[in-house]
Amino acid sequence: MTEMSEVCAALGQYCASTAMVFAMHQIQVACIVRHGLGSQMFRDYCAELVERQMLLASATSEVGVGGDTRSSICAVEVADGIFTLNKDATTVSYGANADDLLVTCRRSVDAARSDQVVVLARRGQYRLDQTTNWDTLGMRGTCSPGYRLSSSGPAAQILPGSFADASSHTMVPYSHILWSSLWLGIATDAVTRAARFVRAEARSKPGTTPPTALRLAEVSNDLHTMRAMVRDMAREFTDAQSPNEDAEALLGMGFALKMNNLKIASSTLLVKIVHQALLLCGILGYKNDSPFSLCRHLRDAYSAPLMIGNDRIFAKNASMLLVHKDD
Ligand SMILES: Cc1cc2nc3c(=O)[nH]c(=O)nc-3n(C[C@H](O)[C@H](O)[C@H](O)COP(=O)(O)OP(=O)(O)OC[C@H]3O[C@@H](n4cnc5c(N)ncnc54)[C@H](O)[C@@H]3O)c2cc1C
């Protein structure tokens, strides 16, 4: 697994959909590396993952639970050392191209919706029947239709421990930091285009400051806020992994609130920044074929607040804040 800071830096360089695919793969790998290495099967799997450079996708969202990742309807069943798992997944990015899948589900048919585990379904052990299309406003390159999954394989492929732990220690922080990093890449490119537009205007009327320069100062201020926020939380998360730090902090409500706030704030700021950049560039930002085009940025940006709905995250924060006293 690559270091978090290297992944964050790389995410700003790619087109948004490619970066999202890379981010989602890294999130799945992190879940295995940070929660599975107590098992020989998962140690061997990690070696193979590196050796064969396999691509891991996620089947977390499910018909009937939407973006509530901490609930599952489907359940894994184990008999004679073999698991069976069927899931009606709403959205599986690059499902058609992935090697293997990490699937969240209830621990057993008797388990509560929140008593979840993660199951590794390997190519050849699962079948995906496409149920919906991915004809979206943006993020089209993630190729994320719905699928009905049926799978079966060795029970050792059930990740040790609970998804509750994997989610709070790894999946949520990795998702919110990596998604925010790639959203920062979209925002940075939008502001770069806006800055080029303003400088071109300034050059065309030497000795005057174009009125759009004020707007550029404004949008650049929002970009700096977003960048500081993303880097701050990435650093805090990385520091919490060091042996000197109290790793228990990762389990606390304070940390969960901060991670949720990062996702809400960065996805909201992204839409605001791209919108400001569009207003600044005017019709040249609105055109698909102009060097100042912001059409794709805008289309991709609108997926950010929906990718686990911000209101859903606000609702989680609201209930935590009823009991959490600090910060
Ligand atoms: C580009 C992209 C790629 C994706 N790839 C994957 C993938 O590979 N694997 C995967 O599993 N999923 C993936 N998803 C799905 C994603 O993770 C979410 O599950 C999905 O976006 C949420 O779906 P929803 O809006 O229909 O559902 P819901 O979460 O049900 O939300 C619907 C609406 O209800 C609101 N709402 C819901 N609950 C509450 C509440 N308690 N309080 C207030 N408001 C609430 C939400 O804010 C939202 O407005 C992807 C999404 C995107 C955009």
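Please refer to the structure placed before this passage.
Residues numbered from 1 in each chain as written. Predicted model: local features only at pLDDT ≥ 70, side-chain atom pairs only at ≥ 80, totals over all residues. Heavy atoms only, no water.

1. A word on empty space enclosed by the protein
Consideration 1: Overall, the coordinates contain 1 cavity of 30 Å³ or more when judged by the stated rule.
Consideration 2: The volume enclosed by the largest cavity comes to roughly 40 Å³.
Consideration 3: Gln28, Cys31, Thr60, Leu102, Thr104, Val118, Phe163 and Met171 together form the lining of the largest cavity.
Consideration 4: Those elements that provide at least two residues to the lining of the largest cavity are helix H2 (16–35), strand S4 (100–106) and helix H4 (163–204).
Consideration 5: Residue classes in the lining of the largest cavity are distributed as 5 nonpolar, 3 polar and no charged. (1 Å grid on protein atoms, 1.4 Å probe; cavity = no way out; pocket = protein on both sides within 12 Å on 5 of 7 lines; lining within 4 Å. Points joined across faces, edges and corners; volume = space filled by probe spheres on them. Helix = DSSP H or I, 4+ residues; strand = E, 2+ residues; numbered from the N terminus. Nonpolar A, V, L, I, M, F, W, Y, C, P; charged D, E, K, R; others polar.)

2. Quick notes on the layout of surface pockets
Consideration 1: In this structure, the largest pocket spans a volume of roughly 1,100 Å³.
Consideration 2: Together, 50 residues line the largest pocket, and Gly67, Thr69, Trp179, Met307 and Ile308 are the ones closest to its centre.
Consideration 3: For the lining of the largest pocket, the elements supplying multiple residues, two or more each, are H2, strand S1 (56–59), H4, helix H6 (253–281) and helix H9 (310–321).
Consideration 4: Residues of the lining of the largest pocket, tallied by class, amount to 25 nonpolar, 22 polar and 3 charged.
Consideration 5: Among the domains, domain 1 (58–159) and domain 2 (164–321) are the pair contributing at least three residues each to the lining of the largest pocket.
Consideration 6: Looking at the lining of the second largest pocket, the elements with two or more residues in it are helix H1 (4–11), H2, H4, helix H5 (212–241) and helix H8 (295–301).
Consideration 7: Top element by residues in the lining of the second largest pocket is H4. It accounts for 7 residues.
Consideration 8: Grouping the amino acids of the lining of the second largest pocket by side-chain chemistry returns 13 nonpolar, 8 polar and 6 charged. (Domains from an automatic or database assignment.)

3. Focus on the pairing of strand S3 (residues 82–89)
Consideration 1: Burial along S3 is one-sided: the residues Phe83, Leu85, Lys87 and Ala89 are buried and none of Ile82, Thr84, Asn86 and Asp88 is.
Consideration 2: Of the strand pairs in this sheet, strand S2 (residues 77–79) and S3 are connected by 3 bridges, and their pairing is antiparallel. Opposite Ala79, over in S3, you have Ile82 as the bridge partner.
Consideration 3: Turn length for the S2-S3 hairpin, with the two strands adjacent in sequence and antiparallel, is 2 residues, and the turn residue Asp80 shows positive phi of about 55°.
Consideration 4: Examined bridge by bridge, S3 and strand S7 (residues 147–154) share 8 bridges and lie antiparallel to one another. Counterpart to Asn86 in the pairing with S7 is Ser150. (Buried < 20%, exposed > 50% of the residue type's maximum accessible area, 1.4 Å probe, protein only. Pairing = 2+ DSSP bridges.)

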